[in-house]
Amino acid sequence: MKKLFVAAILVVSSVAAFAVAKEGIGFGYKDDIKVSVEVEGDKITAIKVLEMKETKRIAEPAIEKLTAAIIEKQSVEVDDVAGATYTSQGFKEAVKNALAK
C-alpha cells in the first residue's frame, strides 16, 4: 500500500512540474498584441510576444520592462511604461487574457 501511495505522489508531483503555455490577445496602440505565457503551477515563468505591430523602438523596451515586472510580481497589476501607455495596457491585457484560460 505504501508503494502505491508513493508512486501516486511521484506521478502527481511530476505532472505539476511541467510548464504550460497559454496564449492571449490584447489591443495595443496600433493593433492586437498576441502573447504566450508559460506557467508552472500558479507561477508565471516566461512571457513571449508572438505577434505585434507596435513601433518596435518604443514597444520592445517597454515590453521587456513589463515582462520582468510581471514575472517578479507574479501579477499583471504593474505600472505602465511612460511613453508606451497603450502598448503597456495592451500587453498586460494579453497576459491577463492568457492567464484566464
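Residues numbered from 1 in each chain as written. Predicted model: local features only at pLDDT ≥ 70, side-chain atom pairs only at ≥ 80, totals over all residues. Heavy atoms only, no water.

Q: I would appreciate a short explanation of the pairing of strand β3 (residues 43–52) in the present structure.
A: A regular strand places its side chains so that they alternate between the two faces of the sheet. Alignment of strand β2 (residues 32–40) against β3, held across eight bridges, turns out to be antiparallel. Across the sheet, the residue bridging to Ser36 is Lys48, located in β3. Taken together, β2 and the strand that follows it, β3, pair antiparallel across an intervening segment of two residues, in which Gly41 is found at a positive phi of about 65°. (Pairing = 2+ DSSP bridges. Helix = DSSP H or I, 4+ residues; strand = E, 2+ residues; numbered from the N terminus.)

Q: I'm lost on the sheet that holds β2 in this one. Help?
A: Backbone hydrogen bonds hold the strands of a sheet together, and the pairing may be parallel or antiparallel. Taken together, the three strands give an open sheet; going across it, the order is β1-β2-β3, and neighbouring strands pair in antiparallel fashion. The open sheet terminates on both sides in strands that have one partner only, identified here as β1 (20–27) and β3. Averaged over all neighbouring strand pairs, the angle between strand axes comes to 25°, with direction disregarded. Those strands touched by helix α3 (residues 85–99) are β1, β2 and β3, and its axis lies near 140° from that of β1. (Axes fitted to C-alpha atoms, helices over the stretch in contact; angles between N-to-C directions. Contact = heavy atoms within 4.5 Å.)

Q: Just checking my understanding: could you explain the pattern of salt bridges for this structure?
A: Side chains bearing opposite charge may pair, as long as their charged atoms lie close to each other. Under the criterion given, the structure shown has four salt bridges. Taking the shortest distance from any N to any O, the salt bridge between Lys92 and Asp80 comes out at 2.6 Å. In this pair, Lys92 is assigned in helix α3 and Asp80 in the loop between α2 (56–73) and α3, connecting sequence segments twelve residues apart. According to the relative accessible area criterion, Asp80 is partly exposed, its value standing at 29%. (Salt bridge = Lys/Arg side-chain N within 4 Å of Asp/Glu carboxyl O. Buried < 20%, exposed > 50% of the residue type's maximum accessible area, 1.4 Å probe, protein only.)

Q: Explain the confidence of the model for the protein chain to me, please; I cannot follow it from the model alone.
A: Any segment with low pLDDT has predicted coordinates that should not be analysed in fine detail. Mean pLDDT over the protein chain: 89, with 83% of residues reaching 70 or higher. Every residue in residues 4–13 scores below 50 in pLDDT, and together they form zero contacts with partners more than four places removed in sequence or on other chains. (pLDDT = per-residue confidence, 0-100.)

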